[in-house]
Amino acid sequence: MEIEYQRFDDIIKTHKIKPILLKEDKQLWYIIGKNIKYDSLITLALDRIIDVSSTEESFSEVFLIVKNILNFHLALQFPKKSLLM
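Read on for an overview of the structure. (Residues numbered from 1 in each chain as written. Predicted model: local features only at pLDDT ≥ 70, side-chain atom pairs only at ≥ 80, totals over all residues. Heavy atoms only, no water.)

Remarks on the overall build of the chain
Along its length, the chain carries one helix and five strands. The linear arrangement of helices and strands in the chain, starting from the amino end, is β-β-β-β-β-α. Here the chain holds 85 residues, and 25% of them are scored as buried. When the accessible surface of the chain is split by element, carbon and sulfur atoms take 54% of a total near 6500 Å². (Helix = DSSP H or I, 4+ residues; strand = E, 2+ residues; numbered from the N terminus. Buried < 20%, exposed > 50% of the residue type's maximum accessible area, 1.4 Å probe, protein only. Areas by Shrake-Rupley, 256 points an atom, 1.4 Å probe, with all protein chains shown as cover.)

Structure (structure tokens):
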């Protein structure tokens with residue numbers, strides 16, 4: 001999918017991502033995906049998205065440990081004996 005995204009400094013960029021999950025934090029929604037160009041994870045706030053388009057590209061499933069993604073990208077804290085493993 002391609003996402004046209006406006007950052008807080010008003011710069012608009014187009015990101016091509018493999019979507020992984022939607023996440024709500026403090027009443028804001030985010031999409032977390034794998035940035036195809038840089039082969040890295042990216043977090044985009046839904047309220048900053050200008051346009052979304054589907055691409056013809058297919059991709060294989062992305063297997064990640066959700067606990068690690070959420071801790072890194074949204075600075076959430078989980079108890080040591082978390083159910084998310």
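Topic: the pattern of salt bridges
Considering all chains together, one arrives at three salt bridges under this definition. With a shortest N-O distance of 3.0 Å, aspartate 39 and lysine 34 are connected by a salt bridge. For lysine 34, a relative accessible area of 26% puts it in the partly exposed group. (Salt bridge = Lys/Arg side-chain N within 4 Å of Asp/Glu carboxyl O.)

Quick notes on the nonpolar core
Counting eight residues, the largest nonpolar core consists of Ile3, Tyr5, Ile17, Tyr30, Ile31, Ile42, Leu44 and Ala45. Mapped onto this core, the elements with two or more residues apiece are strand 1 (2–6), strand 3 (28–35) and strand 4 (40–45). By residue number, the principal contributor to this core is strand 4, which donates three residues. (Core = buried A, V, L, I, M, F, W, Y, C linked by side-chain atoms within 4.5 Å.)

A word on the pairing of strand 3
Relative to strand 3, strand 2 (residues 12–25) runs antiparallel, the two sharing eight bridges. Of the residues in strand 3, the one forming a bridge with glutamate 24 is tryptophan 29. Linking strand 2 to strand 3, which pair antiparallel, is a turn of two residues; within it lysine 26 sits at a positive phi near 55 degrees. Where strand 3 and strand 4 come together, six bridges link them in antiparallel fashion. Within the sheet, the bridge partner assigned to isoleucine 31 lies in strand 4 and is leucine 44. In this structure, the hairpin formed by strand 3 and strand 4 is closed by a connection of four residues, where aspartate 39 is found at a positive phi of approximately 50 degrees. (Pairing = 2+ DSSP bridges.)

Some points on the sheet that holds strand 2
Pairing is antiparallel in the open sheet, where five strands are placed in the order 4-3-2-1-5. The open sheet is flanked by strand 4 and strand 5 (49–53), the only strands paired with a single partner. The mean inter-strand angle of the sheet, taken between neighbouring strand axes irrespective of direction, is 45 degrees. (Axes fitted to C-alpha atoms, helices over the stretch in contact; angles between N-to-C directions.)

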